[in-house]
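Each chain is listed here by its residues.
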Amino acid sequence: MSSLFTPLTLRSLSIPNRVWMSPMCMYSAAPEGEETGVPTDFHLTHLAPRAAGGAGLVMAEATGVRPDGRISPWDLGLWNDRQQEAFTRITEAIKSHGSVPAIQLAHAGRKASVDKPWLSDRYLSEEENGWQPVAPSPVAYDGLAVPHELTVDKIGQLVRDFADSARRALAAGFQVAEVHGAHGYLINSFLSPASNHRTDAYGGSFGNRIRFALEVVDAVRAVWPEDLPVFFRTSATDWLTENPEDTREGWTGEDTVRLAKELQARGVDLLDVSTGGTVRDAKIVAGPNYQVPFAEQARNQAGIPTAAVGIITEPQQAEDIITGGQADAVFLGRELLRNPSWAQHAALALGAEPTWPDQYAYVVKRRKR
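Structure report, in brief. (Residues numbered from 1 in each chain as written. Predicted model: local features only at pLDDT ≥ 70, side-chain atom pairs only at ≥ 80, totals over all residues. Heavy atoms only, no water.)

1. Considering the pairing of strand β5 (residues 100-106)
For a regular strand, side-chain orientation follows a simple rule: the groups alternate between the two sheet faces.
Step number 1: In terms of burial, β5 is a largely internal element, seven of the seven residues being buried.
Step number 2: As defined by bridge partners, strand β4 (residues 57-64) adjoins β5 across seven bridges and the pair is classed as parallel. Following the sheet pairing, G64 is matched in β5 by A106.
Step number 3: What joins β4 to β5 is helix α2 (residues 81-96), and the crossover it makes is right-handed. (Buried < 20%, exposed > 50% of the residue type's maximum accessible area, 1.4 Å probe, protein only. Helix = DSSP H or I, 4+ residues; strand = E, 2+ residues; numbered from the N terminus. Pairing = 2+ DSSP bridges. Right-handed = clockwise from strand over helix to strand, strands pointing away.)

Shown next, in the form of structure tokens:
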């Protein structure tokens with residue numbers, strides 16, 4: 001039996017295999033009006049085929065917990081009834097194929113209000129349907145607007161916003177809620193000393209810098225059912241300290257292990273381990289499995305289940321990550337854009353049984369490749 005195609009049980013939820021779909025922004029929701037942030041037919045036809053293609057868990061893209069928390073005006077949101085209702089159709093479709101619907105709850109922080117990446121990826125002003133970004137400190141992400149520094153009262157409101165979106169996600173049928181704490185977005189910008197220059201209870205020491213992340217997790221866990229899992233996505237490193245030529249202080253793999261222990265104690269069930277995104281000019285040498293060691297480090301040193309990401313493209317490569325104890329699951333992004341049925345083909349390659357929908361199975365099972 002392939003390890004990649006064995007179930008993973010987290011709390012009471014059994015996820016049928018370890019091939020999961022990463023949250024990937026599609027920039028395809030309405031940017032204004034009553035349909036702002038509402039998932040469309042495109043999102044349905046984007047997410048459901050990956051479930052039909054055999055992914056054990058399908059995660060909806062980074063979804064703003066409030067209007068100014070979106071990365072772009074075209075991102076999904078989950079702060080009102082219309083958005084919640086529209087998500088229900090998507091979760092039902094994912095479940096109908098035996099997959100687990102998950103959602104990434106997010107606030108973009110100082111990297112908010114930008115154009116679609118295939119157009120310009122530049123900051124959009126309020127006159128262009130954008131907004132003023134916020135952050136722990138008034139430190140701009142290179143090339144974007146200087147954010148407003150959050151007050152303590154506004155930080156408290158943001159914690160409540162995450163909890164409210166989690167309630168809506170549950171009502172919409174999602175079975176996993178992931179808190180987005182990676183890639184230089186709001187929570188990650190509190191964690192890293194490269195972007196958090198505060199001197200109050202939310203800045204300075206390690207304990208202060210992780211405070212906001214823990215408050216958000218506590219709030220989400222409080223409204224999420226005890227028998228369903230909560231994930232946390234982290235950037236395990238800023239890629240600053242690892243570079244001997246870079247004198248900036250950054251977030252490290254050791255910091256991630258310390259955070260992971262705190263998260264697990266507060267009810268986080270899995271750490272979704274990515275890297276980078278805090279500073280634009282960090283030197284990253286990317287290649288197959290380049291982020292996997294950070295997932296392995298957190299798994300082994302903190303004792304928390306992890307998922308690995310980043311340039312995982314081949315079935316045996318993914319299998320080896322699981323059998324080698326480097327992670328408990330793999331998230332695939334671009335590879336599932338290229339091939340929505342990657343998991344079915346990987347099952348064949350690894351000697352497992354594909355889980356084609358009945359409407360497909362009676363035809364495709366007539367041939368093995």
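2. Regarding unusual backbone geometry
Step number 1: With a phi angle near 50 degrees, Y27 is a residue other than glycine that sits in the positive phi range.
Step number 2: You can call Y27 buried: its relative accessible area is 14%.
Step number 3: Of note, W239 is a non-glycine position whose phi angle comes to about 65 degrees, a positive value.
Step number 4: Mapped onto the secondary structure, W239 falls in the loop between β9 (230-235) and α7 (253-265).
Step number 5: Owing to a relative accessible area of 12%, W239 belongs among the buried residues under this scheme.

3. As for the packing of helix α1 (residues 41-52) against α2
Step number 1: Relative orientation of the contacting elements α1 and α2 amounts to 20 degrees, with a least axis distance of 8 Å. When the axis of α1 is compared with that of α2, the two are roughly parallel. The element α1 and its partner α2 pack so that their crossing is right-handed. On the side of α1, the interface is formed by D41, H43, L44, L47, A48 and A51, while α2 contributes R89, I90, A93 and I94.
Step number 2: Among the residues making up the contact of α1 with α2, the classes are represented as seven nonpolar, one polar and two charged. (Axes fitted to C-alpha atoms, helices over the stretch in contact; angles between N-to-C directions. Parallel < 35°, antiparallel > 145°, perpendicular 65-115°, else oblique. Left-handed = near helix turned anticlockwise from the far one by under 90°. Contact = heavy atoms within 4.5 Å. Nonpolar A, V, L, I, M, F, W, Y, C, P; charged D, E, K, R; others polar.)

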